[in-house]
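A closer look at the structure
Read off the chains here:
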Amino acid sequence: MTRSTRRVVLTAAYLLHHRPWRDTSRILEVLTREHGRLTLFARGVRGANAKLAPVLQPFQLLLLSWSGRGEAPQLTGAERAAATAALPQGCVLAGFYLNELLLKLTTRHDALPELFDHYHRTLEQLRSGAPLEPDAYYDFHPGVGLLPARGSSVRALYGHSLLSLARESLRGERELEDARRVLTAALGACLEGRPLSTRLVARAMKRGASP
């Protein structure tokens, strides 16, 4: 017995990634609030006459419709939920970094409405927040983000290090140390205090003891 066709109409979503498919189509990876992350086939969305090409852009809240029986249904409609300003040029890289994390750390068809809401708010903050200054200093607070530091204390993060981390081009002892501290704090918040076994083994090996 064949499964019935599933239709979804105008649900909130963000485009995380797309790649060409055939001559005028694309395969879309989208994050939706009610249905989680999923893959959609979008026909006829490439080329000069593609009406949906200007709509299917990253970092814009969309309303998507689709239909299909399998794991990757076909897009049947798309529109912008509201007129939204583009991300500032200095924040685009951070936006793509967020998208990559979502692609790698989520599974398809797992609805995570709170994660969707956090992503939405983060994009709004990127639109309104000031860009990082390379010569300024910042404090990192998990769950909040980067805030200007008071002075250039040893614990403060150098703006240049944070920009290098975003570009994935870390060089020098200070940049590597700042990046390590940010990632350690972020992972610690996600793990909620639970230790990583690999980290414990590495420390034991460094002390010259057996794990």
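You'll find the structure just up there.
This part is about the overall build of the protein. Looking only at helices and strands, the protein features five helices and eight strands. In the protein, the succession of helices and strands from N to C terminus is β-β-β-β-β-α-α-β-β-β-α-α-α. Residues classed as buried in the protein amount to 30% of the 211 residues present. A separation threshold of at least 6 residues defines the contact pool for the protein, and within that pool the share at least 24 residues apart is 49%. Accessible area for the protein stands at about 13,600 Å²; split by element, carbon and sulfur atoms hold 55% of it.

The subject of this paragraph is the pairing of strand β2 (residues 25–32). Most of β2 sits inside the fold, with seven of its eight residues counted as buried. As paired strands, strand β1 (residues 6–21) and β2 are joined by eight bridges and run antiparallel to one another. Bridging across to β2, Ala 13 finds its partner in Thr 32. Two successive antiparallel strands, β1 and β2, enclose a turn made up of three residues, where Arg 22 displays a positive phi of approximately 55°.

Among the secondary structure elements, Thr 11 is positioned in strand β1. In this view, Thr 11 contacts Glu 34, His 35, Leu 62, Leu 63, Leu 64 and Trp 66; residues no more than four positions away in its chain are not counted.

The next subject is unusual backbone geometry. With a phi close to 70°, Phe 59 is a non-glycine residue in the positive phi region. Inspection of the secondary structure assignment puts Phe 59 in the loop between β3 (36–42) and β4 (62–68). Phi is positive for His 109, which is not a glycine, with a value near 65°. Residue placement: His 109 occurs in the loop between α1 (92–105) and α2 (113–128).

Among the structural elements, Gln 60 can be located in the loop between β3 and β4. Sequence-distant contacts of Gln 60, defined by excluding residues within four places in its chain, comprise Ala 13, Tyr 14, Arg 80, Thr 84, Ala 85, Ala 86 and Arg 127.

Take the packing of α1 against α2 next. The interhelical angle for the contact between α1 and α2, taken along N-to-C directions, is 170°, at an axis separation of 11 Å. In terms of orientation, α1 lies roughly antiparallel with respect to α2. Between α1 and α2, the contacting residues are Ala 94, Gly 95, Leu 98, Asn 99 and Leu 102 on the first element and Leu 115, Tyr 119, Thr 122 and Leu 126 on the second. When the residues that make up the contact of α1 with α2 are grouped by side-chain class, the tally is six nonpolar, three polar and no charged.

Analysis parameters
Residues numbered from 1 in each chain as written. Predicted model: local features only at pLDDT ≥ 70, side-chain atom pairs only at ≥ 80, totals over all residues. Heavy atoms only, no water. Helix = DSSP H or I, 4+ residues; strand = E, 2+ residues; numbered from the N terminus. Buried < 20%, exposed > 50% of the residue type's maximum accessible area, 1.4 Å probe, protein only. Contact = heavy atoms within 4.5 Å. Areas by Shrake-Rupley, 256 points an atom, 1.4 Å probe, with all protein chains shown as cover. Pairing = 2+ DSSP bridges. Axes fitted to C-alpha atoms, helices over the stretch in contact; angles between N-to-C directions. Parallel < 35°, antiparallel > 145°, perpendicular 65-115°, else oblique. Nonpolar A, V, L, I, M, F, W, Y, C, P; charged D, E, K, R; others polar.

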